[in-house]
Amino acid sequence: MDLLKDKVAIVTGGSRGIGEAITRKFVANGADVAFTYLSSEDKANALANELSASGQKVKAYKSNAASYEDSESLIDQVMKEFGKIDICVNNAGISRDNLLLRVAEEQWNEVIQTNLGSVYNMTKQIIRPMIKARSGSIINISSIIGVRGNAGQSSYAASKAGIIGFTKSIAAELGGRNIRSNAIAPGFIETDMTHYLGEGDNAKTYLSKIPLARFGTAEEVANVALFLASDLSSYITGQVICTCGGLNM
Ligand code: NAP
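The following refers to the structure shown. Not measured: the values here are computed from a predicted model.

1. Some remarks on the overall build of the chain
So, step 1. On a plain count of helices and strands, the chain comes out with eight helices and seven strands.
So, step 2. Principal-axis analysis of the C-alpha atoms places the extent of the chain at approximately 50 × 35 × 35 Å.
So, step 3. Residues classed as buried in the chain amount to 49% of the 249 residues present.
So, step 4. Of the contacts formed within the chain by residues at least 6 apart in sequence, a portion of 73% connects residues at least 24 apart.
So, step 5. Surface accessibility of the chain: about 11,800 Å² in total, with carbon and sulfur atoms responsible for 51%.
So, step 6. Within the chain, the 25 negative side-chain charges are centred at a point lying 6 Å from the centre of the 25 positive side-chain charges.

Put into structure tokens, the structure is as follows:
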């Protein structure tokens with residue numbers, strides 16, 4: 001399939017997990033991809049080298065999505081090196097889970113700035129070239145925790161709920177310029193972030209609540225990102241697509 005032929009995408013946090021799967025999926029569908037990482041330099045460069053064998057342009061950039069300055073210079077550099085940006089996937093995220101009584105201000109700020117601040121940092125920069133091109137697809141990775149809330153995840157839930165409000169507002173602001181903005185709300189997906197899923201009784205408790213009776217894969221989230229990035233979703237904006245095996249309905 002070549003759903004993204006001649007498109008350029010930028011993916012934050014593309015070195016591991018869901019971001020890596022999205023990067024792979026986009027390249028497999030014909031896109032050139034710039035992706036970021038924060039600390040896993042070797043893994044990011046290995047991925048970029050591997051995917052460059054496709055003949056498409058794939059490059060890893062060390063850039064802290066929580067930093068406005070980093071995001072500004074990232075977009076400048078990618079525009080210079082790739083010439084345009086058609087698709088932006090705001091995926092980078094962290095969790096620092098704890099009951100509110102134990103959430104330190106520093107942890108709260110770190111989660112909000114990394115998960116929600118990053119979406120502002122990137123989107124603020126990316127919409128200039130997209131407005132000029134009168135075309136673009138912005139895909140923000142939220143979470144069903146942002147839709148439903150969850151004990152022990154107040155900072156994470158607040159950041160992910162914030163992403164949903166932001167996504168809808170941007171869709172309303174920029175629809176007239178043919179820029180679409182949608183969110184994906186994954187459920188429990190097996191990645192480094194959710195290493196605890198396989199551990200003992202916890203796994204059974206989580207699974208008992210999922211109608212499809214299994215955890216999701218990063219590739220299943222990447223398939224939804226591909227749909228939202230491509231023209232297959234040309235009349236879809238301001239939506240939140242739960243990719244959660246039916247956990248949220
Ligand atoms: P992951 O396996 O922990 O990977 C996180 C990725 O984000 C890594 O590439 C990491 O880079 C990057 N990253 C973290 N902080 C960054 C920063 N400040 N600047 C740039 N890159 C940064 O996580 P994941 O499970 O794939 O999650 C990806 C997204 O999906 C997150 O937004 C997460 O909240 C969301 N999500 C995940 C699940 C799930 O079940 N896994 C469910 C719902 C939503 P390094 O490799 O350099 O550290």
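2. Section: the site of the ligand
So, step 1. For the ligand, the set of nearby residues contains 31 residues, the closest of which are Ser-39, Ser-40, Asn-91, Tyr-156 and Thr-191.
So, step 2. With respect to the ligand, the backbone of Ser-39 contributes an N or O atom lying 2.5 Å from an oxygen atom.
So, step 3. Relative to its unbound accessible surface of 900 Å², the ligand loses 95% to contact with the protein.
So, step 4. Those elements that provide at least two residues to the shell around the ligand are helix H1 (17-28) and helix H6 (154-174).
So, step 5. A class-by-class count of the residues in the shell around the ligand yields twelve nonpolar, 16 polar and three charged.

3. Section: the packing of aromatic side chains
So, step 1. As enumerated under the stated definition, the model contains three aromatic pairs in all.
So, step 2. Ring centres of Phe-188 and Tyr-206 lie 4.6 Å apart, and the angle between their planes is 45°; on these two criteria the pair is classed as tilted. Of this pair, Phe-188 sits in the loop between strand E6 (179-186) and helix H7 (200-208) while Tyr-206 sits in helix H7, and the two are 18 residues apart along the sequence.
So, step 3. Relative accessible area serves as the criterion here: at 15%, Phe-188 is assigned to the buried category.
So, step 4. A relative accessible area of 24% places Tyr-206 in the partly exposed class.
So, step 5. Between the aromatic rings of Phe-188 and Phe-215, the centroid separation amounts to 6.4 Å while the plane-to-plane angle is 75°, which identifies the pairing as edge-to-face. You can see Phe-188 sitting in the loop between E6 and H7 and its partner Phe-215 sitting in the loop between H7 and helix H8 (218-229), a full 27 residues away along the chain.
So, step 6. Judged by its relative accessible area of 9%, Phe-215 is buried.
So, step 7. A network of ring pairs unites the aromatic residues Phe-188, Tyr-206 and Phe-215 as a single cluster.
So, step 8. The lysine or arginine in question, Lys-57, covers the ring of Phe-82, its NZ or CZ lying 5.0 Å from the ring centre.

4. Here we look at H8
So, step 1. For H8, with twelve residues, the first-to-last C-alpha span of 16 Å sits near the 16 Å given by 1.5 Å per residue.
So, step 2. All of the buried residues along H8 are Ala-218, Val-221, Ala-222, Val-224, Ala-225, Leu-226, Leu-228 and Ala-229.
So, step 3. Buried-residue contacts for H8 involve H1, strand E4 (87-90), strand E5 (136-141), E6 and strand E7 (240-243).

5. Focus: the nonpolar core
So, step 1. Core analysis: the biggest nonpolar cluster contains 32 residues, and Ile-22, Phe-26 and Phe-35 have the highest contact counts within it.
So, step 2. Looking at this core, the elements that each hand over two or more residues are strand E1 (8-11), H1, strand E2 (32-37), helix H2 (41-52), strand E3 (58-62), E4, E5 and H8.
So, step 3. With eight residues, H8 is the single largest residue contributor to this core.
So, step 4. Sequence-distant contacts of Ile-22, that is, excluding residues within four places in its chain, are made with Val-11, Val-89, Ile-141, Ala-222 and Ala-225.
So, step 5. Residues Tyr-61, Ile-126, Ile-127 and Leu-174 belong to the second largest nonpolar core, which totals 18 residues.

Conventions and cut-offs
Residues numbered from 1 in each chain as written. Predicted model: local features only at pLDDT ≥ 70, side-chain atom pairs only at ≥ 80, totals over all residues. Heavy atoms only, no water. Helix = DSSP H or I, 4+ residues; strand = E, 2+ residues; numbered from the N terminus. Buried < 20%, exposed > 50% of the residue type's maximum accessible area, 1.4 Å probe, protein only. Contact = heavy atoms within 4.5 Å. Areas by Shrake-Rupley, 256 points an atom, 1.4 Å probe, with all protein chains shown as cover. Lys, Arg positive; Asp, Glu negative; His and termini not counted. Charge placed at Lys NZ, Arg CZ, Asp CG, Glu CD. Near = heavy atom within 4 Å. Polar contact = N/O pair within 3.5 Å; in protein donor to acceptor, adjacent residues only side chain to side chain. Nonpolar A, V, L, I, M, F, W, Y, C, P; charged D, E, K, R; others polar. Phe/Tyr/Trp six-rings, centres within 6.5 Å; stacked < 30°, edge-to-face > 60°. Lys NZ or Arg CZ within 6 Å of the ring centre and 35° of its normal. Expected span 1.5 Å × (residues − 1). Core = buried A, V, L, I, M, F, W, Y, C linked by side-chain atoms within 4.5 Å.

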